[in-house]
Amino acid sequence: CTSTLVHCGIVILRLKIFKRDAAHQLRTPLTALKTQLALAQRNAEPEQAQALMSAARQTTDDAVRLTEQLLAMTRVEHAREMHLQAPVDLVELARQVCQAHSLQAHQMGADLGLDVRQAAVAVQGVDWLLQEALGNLIDNAIRHGQRGVHITVQVGATWLAVEDNGPGIGPADQPHVFERFYRASPSGAAGSGLGLAIVQEIAGQHGAQATVHSPVQDGRGTRICITWS
């Protein structure tokens, strides 16, 4: 009984901290959006007004993405109590997720491919959660890999990985990339700071471990892997 109360207390505390941080993270782009729109409204120079409106559109996109990730994190955190695990074929799952992200990759100038080492790889899990995890890894690679990046989704006997040949993640950032709202050193791409935290949460719920390795080759690239023991 005591341990249950302690667990409940920890959950409530984590929820309060998450809500506080989420409110702060949302307030930032919304404040910026308000400022950008006000400046555009007062600016008489068409070119400057257009630049401000473009910035406002980007800020809106960032706020929408952050909201989506906040909702995803909430769904993921409560999935443990709501969904039973069943056999999931990682090969078929990877094919589906790659197909779902093919248009995004094309629009962002990324080359997305699939490298399957076995015909089928079965793990116990929740299909939509593992799709969410892989989708976040692909999205992260597309957004931070720079235009022209090559991204490969890999499936092995006990693991699922996404590897890219982008600029990589610096040594100082690597211990923190799975923390909520942590944003690595600027790469010219905006991010919510939640994508990899969602991946880690899902991996933990499946008895797996999420790890990052960078650089991969010639001082570039990132490989993030979910491994089942």
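Conventions we followed
- Residues numbered from 1 in each chain as written.
- Predicted model: local features only at pLDDT ≥ 70, side-chain atom pairs only at ≥ 80, totals over all residues.
- Heavy atoms only, no water.
- Pairing = 2+ DSSP bridges.
- Helix = DSSP H or I, 4+ residues; strand = E, 2+ residues; numbered from the N terminus.
- Axes fitted to C-alpha atoms, helices over the stretch in contact; angles between N-to-C directions.
- Salt bridge = Lys/Arg side-chain N within 4 Å of Asp/Glu carboxyl O.
- Buried < 20%, exposed > 50% of the residue type's maximum accessible area, 1.4 Å probe, protein only.
- Core = buried A, V, L, I, M, F, W, Y, C linked by side-chain atoms within 4.5 Å.
- Contact = heavy atoms within 4.5 Å.
- Parallel < 35°, antiparallel > 145°, perpendicular 65-115°, else oblique.
- Nonpolar A, V, L, I, M, F, W, Y, C, P; charged D, E, K, R; others polar.
- Expected span 1.5 Å × (residues − 1).
- pLDDT = per-residue confidence, 0-100.
- Polar contact = N/O pair within 3.5 Å; in protein donor to acceptor, adjacent residues only side chain to side chain.
- Left-handed = near helix turned anticlockwise from the far one by under 90°.

(A) Quick look at the sheet that holds strand β4 (residues 150-155). Strand order in the open sheet made by the 5 strands is β2-β4-β5-β7-β6, with mixed pairing throughout. The open sheet is flanked by β2 (111-116) and β6 (208-213), the only strands paired with a single partner. Taken pair by pair, the neighbouring strands of this sheet meet at an average axis angle of 15°, ignoring direction. Bridge analysis of β4 against strand β5 (residues 159-164) gives 5 bridges, and the strand direction is antiparallel. When the sheet's bridge partners are listed, Ile151 is paired in β5 with Asp164.

(B) Region of the structure containing the pattern of salt bridges. Scanning the entire structure with this criterion turns up 3 salt bridges. Residues Asp139 and Arg143 are paired through a salt bridge, measuring 2.7 Å at the closest nitrogen-oxygen approach. Of this pair, Asp139 and Arg143 both sit in helix α5 (residues 127-144), 4 residues apart, roughly one helical turn. Judged by relative accessible area, which is 30%, Arg143 ranks as partly exposed. As a salt-bridge pair, Glu163 and Arg223 come within 3.5 Å of each other at their nearest N and O atoms. Taken as a pair, Glu163 in strand β5 and Arg223 in strand β7 (residues 222-228) lie far apart in primary sequence, 60 residues in all. Residue Arg223 is classed as partly exposed on the basis of its relative accessible area of 22%.

(C) Region of the structure containing the nonpolar core. One finds Leu134 and Ile138 to be the most contacted residues of the largest nonpolar core, which totals 50 residues. Elements with a contribution of two residues or more to this core: α2 (46-77), α4 (90-107), α5, β4, β5, α6 (195-205), β6 and β7. It is α5 that contributes the most residues to this core, 8 residues altogether. Setting aside residues up to four positions removed in sequence, Ile138 forms contacts with Val97, Cys98, His101, Leu112, Val153 and Val162.

(D) Quick peek at the packing of α2 against α6. Close contact between α2 and α6 brings their axes to 10 Å; oriented N to C, the two are set at 10°. If you check the angle between α2 and α6, you find them roughly parallel. Listed contacts from α6 to Gln69, Ala72, Met73, Val76 and Glu77 of α2 are Gly195, Ala197, Ile198, Glu201, Ile202 and Gln205. For the contact of α2 with α6, a count of residues per class yields 6 nonpolar, 3 polar and 2 charged.

(E) Examining α2 more closely. In this model, α2 (32 residues) spans 46 Å end to end at C-alpha, consistent with the 46 Å of a helix rising 1.5 Å per residue. Among the residues of α2, those classed as buried are Ala49, Leu52, Ala56, Thr59, Ala63, Arg65, Leu66, Gln69, Leu70, Ala72, Met73 and Val76.

(F) Focus on the pairing of strand β3 (residues 122-125). In β3, alternate side chains face the same way, and those of Val123 and Gly125 are buried while those of Ala122 and Gln124 on the opposite face are not. As defined by bridge partners, strand β1 (residues 86-89) adjoins β3 across 4 bridges and the pair is classed as antiparallel. Considered in β3, the bridge of Ala86 is made with Gly125.

(G) Region of the structure containing the confidence of the model for the chain. In this model, the chain carries a mean pLDDT of 83, and residues with pLDDT of at least 70 account for 82%. Element-level mean pLDDT values for the chain span from 60 in helix α1 (residues 2-42) up to 98 in β4. Of the regions scoring below 50 in pLDDT, residues 4-8 engages in 0 contacts with residues more than four places distant in sequence or in other chains.

(H) Quick look at the side chain of Gln154. Relative to the assigned elements, Gln154 resides in strand β4. At 3.4 Å, the side chain of Gln154 forms a polar contact with the side chain of Glu163. Not counting the four nearest positions on each side in its chain, Gln154 is found in contact with Asp115, Arg117, Trp159, Leu160, Ala161, Glu163 and Arg223.

(I) Expanded view of the packing of α2 against α5. Packing of α2 against α5 brings their axes to within 12 Å, and their N-to-C directions diverge by 150°. Classified by the angle their axes make, α2 and α5 are roughly antiparallel. The element α2 and its partner α5 pack so that their crossing is left-handed. Facing Arg65, Gln69, Ala72, Arg75 and Val76 of α2, the residues of α5 in contact are Trp128, Leu129, Glu132, Asn136, Asp139 and Arg143. Partitioning the contact of α2 with α5 into residue classes produces 4 nonpolar, 2 polar and 5 charged.

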